[in-house]
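What follows is each chain in one-letter form.
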Amino acid sequence: MYIKRAVEESVLKISKTFPVLLVTGPRQVGKTTLLKRLAGENRTYVSLDDPDSRNLARTDPALFMQRFTPPVLIDEIQYAPQILPYIKMSVDRSGKKGEYWLTGSQAFHMMKNVSESLAGRVGIVPLLGLSGSEIDTQPSEPFTTSPERLMLRLKQVKQIGLNEIYQRIFCGAFPALYDRETAPELSDFYRAYINTYLQRDIKDLSQVADETAFYNFMIIVAARTAKPVIYEELAKDAGISQPTAKKWLSVLVSSGLIALVQPYHNNLLKRAVKMPLMHFLDTGLCAYLLKWGNSETLERGAMSGAFFESYVFSEIYKSYLNAGKEPPLFYYRDKERREIDLLIYENGTLYPIEIKKAASPGTEAVKTFQALSPVTTPERFGQMEQYKTEIGNGAVICMAGDLLPADAKNWFVPAWLI
């Protein structure tokens, strides 16, 4: 069963703009399925997962290029980066757009080769797991705190309750889990996924010599989803050095399993902290690593709020990626421990967002937005003036049953409306 992906329009647009299209993202998020669907019968397909094709691409890339002529879809390009210079020469000769479609699930191993060989010739489309809009076959657009846009979206989406949201949080977003005919057992799927990730994606990396230690590190990171990154704590709990903790966390980021949200700060927010916040992008994988047994115990458990926050973040993050946009997402925390879970920064305007599991968070939830008040007042530094930043509509994303105003400028937004 094919689930229509919101990113399809972006993929076709990139293919018409660049000679090479690269779709990258974690394993099993549907990269190959998506491109095969869009290509139809008009494109040769070759997978470098196949040992014979991989060996030919590595040992005789020129012959490989003669055998598989464009338009072509090459799967798992990271297994044979030797062919990238030959792709460069091919597209330079032809000058045509969209000749080569590539996929890769090992971005941390691959992107340097791509940037060096195909600079200016490749359009990159990141793909993650299914969004809620894709699962429900509903319209998708970048999340906004605009009340007008949110009220319009109310007419386009269906309401779901706490239990269904936590079922999705527990299940995760991999497309295979939503195939009504062939969906595997959750535990079987994630066990196989972890084994493949460790044995195929991690095994060849020089900075990850111990697969068991790296697996334990993944569990430690999962337990800190929706929390600031403190490398000293990560290293101590994992029994590794701080430089190793930084390298391993960068592997998880580059392979699309976690996202680091940078703190927002400027000269007017002098007490803002500088450490990033991390979120597991697939809450189902996070729940599996932490051995949560079902969605009910997860919803009642101590990490219920953290999982809800990471779920909301991933939905907003995917809403931008699926529209072909870089997510303009930050967070705020200062030395007085005032926090704002998420900030959208666009066109000189900050849109603050709090994420609360409660159905009725109360107006207290928007008071933390006052921490941003210094940025609205210009301040002179010597001969230079720090231009003020506007504060736009804010949102408290929660389990409310309807879209309701919190005050004149901020709204309670149901999680199912993202």
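Above this text is the structure in question.
Note that the structure is predicted; figures quoted are calculated from it, not measured.

A closer look at the overall build of the protein chain
In terms of regular secondary structure, the protein chain is built from 16 helices and 17 strands. Against the compact-globule benchmark of 22 Å for 418 residues, the protein chain has a radius of gyration of 22 Å, which places it among compact chains. Each of the three principal axes of the protein chain carries a C-alpha extent, and together these read 65 × 55 × 50 Å. Excluding contacts between residues fewer than 6 apart, the proportion of contacts in the protein chain whose partners are at least 24 apart in sequence is 68%. Only carbon and sulfur atoms are counted for the fraction: they give 49% of the accessible area of the protein chain, which is about 19200 Å². Averaging the positions of the 49 positive and the 46 negative side-chain charges in the protein chain gives two centres separated by 3 Å.

Focus on helix 13 (residues 242–254)
Spanning 13 residues, helix 13 covers 18 Å between terminal C-alpha atoms, matching the ideal 18 Å at 1.5 Å per step. Following helix 13 by one or two positions, Gly 256 has its phi on the positive side, about 80 degrees.

What to know about the pattern of salt bridges
Counted according to the given criterion, the structure contains 17 salt bridges. Between Glu 134 and Arg 5 there is a salt bridge; the shortest N-O distance is 3.1 Å. Of the two residues, Glu 134 is situated in helix 7 (residues 132–135) and Arg 5 in the segment before helix 1 (8–17); the sequence distance between them amounts to 129 residues. Per residue, the accessibility class of Glu 134 equals that of Arg 5, and both read buried. The partner of Glu 339 in a salt bridge is Arg 333, and the shortest N-O contact between them spans 3.2 Å. Connected through shared salt-bridge partners, Asp 136, Lys 158, Glu 164 and Arg 168 make up one network.

Conventions we followed
- Starting from 1, residues in each chain are numbered consecutively following that chain's sequence as written.
- Where local features are concerned, this predicted model is filtered to residues with pLDDT of at least 70; where side-chain atom pairs are given and counted, the filter is 80 or more; whole-chain, interface and lining totals use all residues.
- For the side-chain quantities, the full set of heavy atoms in the structure was used; hydrogens and water were omitted.
- Elements are defined by DSSP. Helices are runs of H or I of four residues or more, strands are runs of E of two residues or more, and each kind is numbered from the N terminus.
- A radius of gyration in this sense is built from C-alpha atoms; the matching globule rule multiplies 2.2 Å by the number of residues raised to 0.38.
- Working rule for contacts: check all heavy atoms of both residues, and any pair within 4.5 Å makes them a contact.
- The Shrake-Rupley method, run with a 1.4 Å probe, gives the accessible areas here. Residue values count only the displayed protein chains as cover.
- We score Asp and Glu as negative and Lys and Arg as positive, and we do not count His or the chain ends.
- Lysine's charge is taken at NZ, arginine's at CZ, aspartate's at CG and glutamate's at CD.
- To estimate how far a helix should reach, multiply one less than its number of residues by 1.5 Å.
- Whenever a carboxyl oxygen of Asp or Glu lies within 4 Å of a side-chain nitrogen of Lys or Arg, that contact is scored as a salt bridge.
- Throughout, exposure labels follow a simple rule: accessible area from a 1.4 Å probe, protein chains only, divided by the maximum for the residue type, with under 20% read as buried, over 50% as exposed, and the rest as partly exposed.

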